[in-house]
Amino acid sequence: PLNPRVVHTPSMLLAAMDLVGVERAVLLQGPFYGYCNSYVGDAITDFSQRLVGAIAMDPWKDGRRAFERAHQAAVTARVFKLEFSEHTGLAGLHREAILNEEAVAWLWDELEVRKLVLVVDLGHIGGLGYQTEAVRALAVSHPALRVVVAHLGQPNPSVVRGREERRLWLDQIALGILDNVWFDTASLPNYFAHEPSYRGLDRCLRWAIDTIGPEKLMWGSDIPATLPTATYHQLYEVIAERLDFLDASSQRGVFGETALKVFWGG
């Protein structure tokens, strides 16, 4: 099923989840329409048994007060989403910004104290936002802060073909060796959509698992943005088929149990 209108309400999401058999979901927001903290707050209040949500704001521009307003708008949120990609996020707006610089050090302290999970999208390999060492520094200095790097570090066919791209990507994947860093697999089919049978995705998933183990991966879809590439069910199948070599326990982790631990604390 596709949605013919350019909307994707919580009820539409839940209907898709029910069709596929997904029990719970994490709502992450990007800055495409501005920050939608109140909207997220309403969704996770109305469907608190099935959805957790992320607040978002620009810590370089707006600071602590904006963070407080965002959190008040979605007071039950368990996640802070930082879109730090270059093309569509804050690294493009603040081109000199460094994630572990003093100007935003207060944010990581707040997230750690409030027990909010940090989900960070670092953008394409080699971009301004691809700050692997900065993420490592803030994760090490805030050991109680749970950090999720979005999109498995954004691998693409160049990771398979090029040594430098592969090195940069594997350096980022190695963040998962830290106890408090995980990765989601959202949008991966998009990055390999122009290859027959998503060729190359298998190798990247296996490289990641060889580096940090399946216990550091969580399946994600990134719908509705990814629906032009595949249906919700297909987005699941693409990853599930490539991870069928894992034992049953590891598969349960990737497809739910790790997310329950990271986002629900269970």
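Our subject in this report is the structure included herewith. Computed from a predicted model, the values in this text were never measured in an experiment.

Digging into the overall build of the protein chain
Across its full length, the protein chain holds 12 helices and seven strands. Taking 2.2 N^0.38 as the reference for a compact globule, 266 residues should give roughly 18 Å; the C-alpha atoms of the protein chain span a radius of gyration of 17 Å, in line with that estimate. Across its three principal directions, the C-alpha atoms of the protein chain cover 50 × 40 × 35 Å. For the protein chain, with 266 residues in total, the buried portion stands at 52%. Distance between charge centres in the protein chain, computed from 25 positive and 32 negative side chains, equals 1 Å.

Focus: a nonpolar patch on the surface
On the surface, a nonpolar cluster with roughly 470 Å² of combined accessible area is contributed by Val6, Phe32 and Tyr33. On the secondary structure map, Phe32 appears in the loop between strand 1 (25–27) and helix 2 (37–46).

Here we look at empty space enclosed by the protein
Tallied over the entire structure, the rule returns two cavities of 30 Å³ or more. By volume, the largest cavity is sized at about 40 Å³. What lines the largest cavity is Gln29, Gly30, Pro31, Tyr35, Ala56, Lys81, Leu82, Glu83 and Leu90. Per-class residue counts for the lining of the largest cavity are five nonpolar, two polar and two charged. When its volume is computed, the second largest cavity comes out at roughly 30 Å³. Along its surface, the second largest cavity is lined by Leu82, Leu99, Trp108, Leu118, Val120, Val135, Leu138 and Val147. Of all the secondary-structure elements, those providing two or more residues to the lining of the second largest cavity are strand 4 (117–121) and helix 6 (132–141). Its residues placed into classes, the lining of the second largest cavity shows eight nonpolar, no polar and no charged.

A short note on the side chain of Glu195
As for its position among the elements, Glu195 is in the loop between helix 9 (188–191) and helix 10 (201–212). It turns out Glu195 is buried and unbridged, and the closest side chain with the opposite charge, Arg161, is 4.3 Å from it. Not counting chain neighbours up to four residues away, the residues in contact with Glu195 comprise Pro157, Arg161 and Gly200.

Considering the nonpolar core
If you look at the biggest cluster of nonpolar residues, it comprises 73 residues, and the most contacted ones within it are Trp108 and Trp169. Here this core gets seven residues from one element, more than from any other, and that element is helix 10. Apart from the residues within four sequence positions on either side, Trp108 is in contact with Leu82, Leu99, Asn100, Leu118, Leu138, His142 and Leu145. Within the second largest apolar cluster, 13 residues are counted, among which are Ala54, Ala150, Trp182 and Phe263.

Conventions adopted
- Residues numbered from 1 in each chain as written.
- Predicted model: local features only at pLDDT ≥ 70, side-chain atom pairs only at ≥ 80, totals over all residues.
- Heavy atoms only, no water.
- Helix = DSSP H or I, 4+ residues; strand = E, 2+ residues; numbered from the N terminus.
- Rg over C-alpha atoms; globule rule 2.2 N^0.38 Å.
- Buried < 20%, exposed > 50% of the residue type's maximum accessible area, 1.4 Å probe, protein only.
- Lys, Arg positive; Asp, Glu negative; His and termini not counted.
- Charge placed at Lys NZ, Arg CZ, Asp CG, Glu CD.
- Patch = residues over 30% accessible without salt bridge, like charges linked within 9 Å, V, L, I, M, F, W, Y side chains within 5 Å.
- Areas by Shrake-Rupley, 256 points an atom, 1.4 Å probe, with all protein chains shown as cover.
- Salt bridge = Lys/Arg side-chain N within 4 Å of Asp/Glu carboxyl O.
- 1 Å grid on protein atoms, 1.4 Å probe; cavity = no way out; pocket = protein on both sides within 12 Å on 5 of 7 lines; lining within 4 Å.
- Points joined across faces, edges and corners; volume = space filled by probe spheres on them.
- Nonpolar A, V, L, I, M, F, W, Y, C, P; charged D, E, K, R; others polar.
- Contact = heavy atoms within 4.5 Å.
- Core = buried A, V, L, I, M, F, W, Y, C linked by side-chain atoms within 4.5 Å.

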